[in-house]
Amino acid sequence: MTTALIIGAGPAGLMAAEVLSGAGVAVTIADRMPSPARKFLMAGKSGLNLTKVTDSFDKAFGKMPAALARALDGFGPKEVMAWAEGLGQPIFTGSTGRVFPKTMKASPLLRAWLRRLEAQGVTLHTRHRWIGWRDGAAQFADHPPISSDIYVLALGGGSWARLGSDGIWMDHMTQVSPFRPANCGFVVNWSAHMTPHLGKPVKGVALTAGDLTSRGEFVISARGVEGGGIYEISAAARDGAPMMLDLLPDLSLARVQEVLAKPRGKASLSNHLRKTLRLDPVRLALLNEFGRPFGNNLPHLLKDLQITHQGPRPLDEAISTAGGLRFDALNPDLMSLTQPGLFAAGEMLDWEAPTGGNLITACLATGRHAALGALKWAGIEPPAL
């Protein structure tokens with residue numbers, strides 16, 4: 001019987017195990033943590049966003065490597081939804097197209113998934129840290145080596161080390177790009193007047209950095225700015241594009257100029273802005289923080305306010321990472337060009353992982369794609385999917 005060793009028990013590794021074991025391959029999974037899919041479980045604490053149903057799904061990834069595009073063509077949002085329901089997990093689609101299990105949590109889905117893998121004969125070894133190769137076998141700290149016909153690496157990115165994604169695997173591989181934070185917050189050294197607003201959400205705004213835009217909310221934290229709205233533009237901001245904030249995205253510049261041209265009498269400027277343009281205290285605070293002195297530029301500042309920041313938060317605080325194993329080290333089936341029978345999948349690949357369901361979908365898709373590539377390489381008929 002053909003054997004496969006999958007190193008990494010996150011969504012990509014578990015999906016590779018499902019496909020391979022479904023084709024009759026004897027699958028072993030090795031993961032360095034005491035239990036599988038810890039980052040996946042953490043993602044579900046605030047609602048497990050599995051995928052996103054939108055006409056622009058692919059655009060969220062920017063310029064995709066061909067292998068990633070092929071993986072998503074074969075296992076996109078519709079397939080993810082059907083897969084979750086096949087595990088007995090009812091789903092629903094929110095107003096923004098984001099898809100969640102009705103339980104909102106990751107744990108019921110993970111339990112059902114692990115039961116399926118166990119029924120298909122998959123063996124799971126925990127507390128197995130991979131430390132490289134010797135004589136064609138996978139080596140593990142404090143455990144015997146494991147030899148296999150097929151190897152799939154699904155080792156994760158370089159963020160959230162406490163959950164297993166520490167990126168140390170890079171020490172044992174070549175042809176890698178350095179990790180950079182993705183879907184991350186940014187450091188802002190706030191002045192004292194911002195203290196009353198720390199922890200508060202910023203709503204009703206639009207953010208832009210380079211070619212990326214967002215109408216999502218974000219949070220003013222003691223450390224800077226973070227949250228969904230910031231994450232959607234973080235790749236461009238991380239790479240040096242100015243982070244611009246439109247405090248009144250539903251009003252044109254001409255309309256803002258028209259309103260501000262009206263006499264305000266004895267009202268203070270803050271009260272005038274609050275009453276005429278309905279600016280809440282949080283947006284007013286941001287205007288004061290980044291816009292003063294206003295001069296004659298107030299209308300333009302309300303529509304195009306630059307957030308001055310000191311760069312992204314540390315790598316280990318990022319939701320995900322860019323960088324990793326380069327696609328030019330792999331063939332279209334995600335197999336190593338230098339080590340036949342070795343495949344790679346998930347966040348350890350060098351791609352920009354957007355949030356909003358895109359990240360989990362792509363991890364599942366690349367895990368499946370690598371497994372199908374492995375079956376083709378081994379001459380095994382794939383299972384009916």
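Higher on the page you've got the structure.
J.: What is the right way to read the packing of helix H8 (residues 253-260) against helix H9 (residues 269-277) from this model?
T.: Each pair of packed helices can be described by the angle between their axes along with the distance between the axes. Closest axis-to-axis distance for the H8/H9 pair is 11 Å, and the angle between their directions is 125°. What the angle tells us is that H8 and H9 run oblique. Relative to H9, H8 is oriented so that their crossing is right-handed. Contacts between H8 and H9 involve Val 256, Val 259 and Leu 260 from the former and His 272, Leu 273, Thr 276 and Leu 277 from the latter. Among the residues forming the contact of H8 with H9, the class breakdown is five nonpolar, two polar and no charged.

J.: What is the right way to look at the pattern of salt bridges in this model?
T.: For side chains bearing opposite charge, pairing can occur when the charged atoms are close. Taken as a whole and judged by the stated rule, the model has 17 salt bridges. Arg 255 is the partner of Glu 258 in a salt bridge, and the nearest nitrogen-oxygen pair spans 3.1 Å. Separated by three residues within a single helix, Glu 258 and Arg 255 lie in helix H8, roughly one turn from each other. Classification of Glu 258 by relative accessible area gives partly exposed; the value is 45%. Take Arg 255: its relative accessible area is 34%, and that puts it in the partly exposed class. The salt bridge involving Arg 313 is made with Glu 317; its shortest N-O contact spans 2.9 Å. The buried category is assigned to Arg 313, whose relative accessible area is 17%. For Glu 317, a relative accessible area of 36% gives the class partly exposed. Overlapping salt bridges bring together Arg 180, Arg 238, Asp 239 and Glu 352 as one network.

J.: Can you help me understand the pairing of strand S8 (residues 137-140) in this one?
T.: Put simply, side chains in a regular strand alternate between the two faces of the sheet. Examined bridge by bridge, strand S7 (residues 130-134) and S8 share four bridges and lie antiparallel to one another. Counted as the bridge partner of Arg 134 is Ala 137 from S8. A loop of two residues connects S7 with S8, the two strands running antiparallel in sequence, and Asp 135 in this loop sits at a positive phi of about 55°. Alignment of S8 against strand S9 (residues 143-146), held across two bridges, turns out to be antiparallel. Paired with Phe 140 across the two strands is His 143, which belongs to S9. From the end of S8 to the start of S9, which pair antiparallel, there are two residues, and Asp 142 there has a positive phi angle of about 65°.

J.: Any chance you could explain the sheet that holds strand S13 (residues 201-202) here in plain terms?
T.: Strand pairs in the sheet, formed through backbone hydrogen bonds, run parallel or antiparallel to each other. Reading across the sheet, the four strands line up as S12-S17-S16-S13 and stay open at both edges, with antiparallel pairing between neighbours. Both edges of this open sheet fall to strand S12 (186-187) and S13, since each of them pairs with a single strand only. Examined bridge by bridge, strand S16 (residues 218-221) and strand S17 (residues 224-226) share three bridges and lie antiparallel to one another. By the bridge assignment for S17, Ile 220 is matched with Val 225.

J.: When you look at the nonpolar core in this model, what are you seeing that I'm missing?
T.: Grouped burial of nonpolar side chains is what soluble globular proteins tend to show. The biggest cluster of nonpolar side chains holds 80 residues, and the ones touching the most others in it are Leu 20, Trp 113 and Trp 351. It is helix H12 (residues 358-378) that contributes the most residues to this core, 10 residues altogether. Excluding residues within four positions of it along the chain, Leu 20 makes contact with Ala 4, Ile 6, Val 25, Val 27, Val 152, Ala 371, Ala 374 and Leu 375.

J.: Quick question: what am I supposed to make of the side chain of Thr 361 here?
T.: On the secondary structure map, Thr 361 appears in helix H12. Overall, Thr 361 belongs to the buried group, its relative accessible area being 0%. The residues contacting Thr 361, other than those within four sequence positions of it, are Leu 50, Thr 51, Phe 57, Leu 72, Phe 75, Gly 76, Pro 77 and Val 80.

The rules behind these values
- Residues numbered from 1 in each chain as written.
- Predicted model: local features only at pLDDT ≥ 70, side-chain atom pairs only at ≥ 80, totals over all residues.
- Heavy atoms only, no water.
- Axes fitted to C-alpha atoms, helices over the stretch in contact; angles between N-to-C directions.
- Helix = DSSP H or I, 4+ residues; strand = E, 2+ residues; numbered from the N terminus.
- Parallel < 35°, antiparallel > 145°, perpendicular 65-115°, else oblique.
- Left-handed = near helix turned anticlockwise from the far one by under 90°.
- Contact = heavy atoms within 4.5 Å.
- Nonpolar A, V, L, I, M, F, W, Y, C, P; charged D, E, K, R; others polar.
- Salt bridge = Lys/Arg side-chain N within 4 Å of Asp/Glu carboxyl O.
- Buried < 20%, exposed > 50% of the residue type's maximum accessible area, 1.4 Å probe, protein only.
- Pairing = 2+ DSSP bridges.
- Core = buried A, V, L, I, M, F, W, Y, C linked by side-chain atoms within 4.5 Å.

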